[in-house]
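This is what each chain is made of:
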Amino acid sequence: DAKTTQPPSMDCAEGRAANLPCNHSTISGNEYVYWYRQIHSQGPQYIIHGLKNNETNEMASLIITEDRKSSTLILPHATLRDTAVYYCIVNGNQFYFGTGTSLTVIP
Amino acid sequence: GAVVSQHPSWVICKSGTSVKIECRSLDFQATTMFWYRQFPKQSLMLMATSNEGSKATYEQGVEKDKFLINHASLTLSTLTVTSAHPEDSSFYICSARATRTDTQYFGPGTRLTVL
């Protein structure tokens, strides 16, 4: 079963930052937090992952709380192409996907 | 970046036939690959974990005799849907876990339609 909870949907204005929250209160000490997104009828795309430090790459930033019970994915300047379902996954040996957050970027 | 391919991208078959789907990691080695199924408007559901050179581990409720998985090399895993029926129609997605980084990379998916 998925160990994460995410809001089912969010809207974001084009050009603004999109902040997507995820709760993972039962995360274990050695489990990473992974973020993927899925655009309709495609395979999920890797975005970013982290253990306890904040991470940034060319796509996004990941902020993990000090107690590691929640995290936020930040898309700094959302574009229409960022419209997708975003999945937060706590990594054990396998990935169990929750329902994700459907992000709609509005022009 | 790490690329995973799937073939075919879509397939239509008659009920009772078998269909094989290939999953390849193109530029990295993957000791472990995974197979998922996704029905319309639903999330991905893990079907099985496949380790190179050993038998796959199936999730509860997934019939191992119906969904045959072979992972014969560090870059190739195959899923064979045997005696397919209309209820097996779905979007099948594989992923490969990069041995070096432990990150999973997903294929583009295979749309199976059983008539």
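Above this text is the structure in question.
Conventions adopted
- Residues numbered from 1 in each chain as written.
- Chains lettered and ligands numbered in written order.
- Predicted model: local features only at pLDDT ≥ 70, side-chain atom pairs only at ≥ 80, totals over all residues.
- Heavy atoms only, no water.
- Helix = DSSP H or I, 4+ residues; strand = E, 2+ residues; numbered from the N terminus.
- Polar contact = N/O pair within 3.5 Å; in protein donor to acceptor, adjacent residues only side chain to side chain.
- Contact = heavy atoms within 4.5 Å.
- Phe/Tyr/Trp six-rings, centres within 6.5 Å; stacked < 30°, edge-to-face > 60°.
- 1 Å grid on protein atoms, 1.4 Å probe; cavity = no way out; pocket = protein on both sides within 12 Å on 5 of 7 lines; lining within 4 Å.
- Points joined across faces, edges and corners; volume = space filled by probe spheres on them.
- Nonpolar A, V, L, I, M, F, W, Y, C, P; charged D, E, K, R; others polar.

A.B. asks: Go over the side chain of H71 of chain B with me, naming the residues and quoting the values.
C.D. replies: Residues and elements named next belong to chain B. In this structure, H71 sits in strand β7 (residues 67-73). Among the polar contacts listed, one links the side chain of H71 to the backbone oxygen of A30, at a separation of 3.4 Å. Those residues in contact with H71 that lie beyond four places of it in its chain are A30, T31, T32, M33, S50, N51, E52, G53, L76 and S77.

A.B. asks: Just give me the short version of the packing of aromatic side chains, but keep the residues and values in it.
C.D. replies: All chains considered together, the criterion is met by 14 aromatic pairs over all chains. Between F97 of chain A and F106 of chain B, the ring centres sit 5.8 Å apart and the planes meet at 80°, which makes this aromatic pair edge-to-face. One end of the pair, F97 of chain A, is in the loop between β8 (84-90) and β9 (101-106); the other, F106 of chain B, is in strand β10 (residues 104-106), on a second chain. Clustering of aromatic rings is evident, with ring pairs tying together Y32, Y34, Y36, Y46, Y87, F95 and F97 of chain A together with F28, Y36, Y105 and F106 of chain B.

A.B. asks: Can you explain the layout of surface pockets? Please cite residues and give values.
C.D. replies: If you add up the space inside the largest pocket, you get close to 450 Å³. Around the largest pocket, the lining comprises 19 residues; the ones closest to its centre are H40 and V85 of chain A together with Q38, K41 and Q42 of chain B. Counting residues per element, the ones that place at least two in the lining of the largest pocket are β8 and β9 of chain A. Examining the composition of the lining of the largest pocket, we find that three residues originate from one element, β8 of chain A, more than from any other. Among the residues making up the lining of the largest pocket, the classes are represented as eight nonpolar, nine polar and two charged. Considered as a void within the structure, the second largest pocket measures approximately 330 Å³ in volume. Elements supplying a minimum of two residues to the lining of the second largest pocket: β3 (33-38) and β4 (45-50) of chain A together with β10 of chain B. Tallied by class, residues from the lining of the second largest pocket come to ten nonpolar, six polar and one charged.

It is worth stressing that arrangement in space is one thing and function is another; only the former is reported here.
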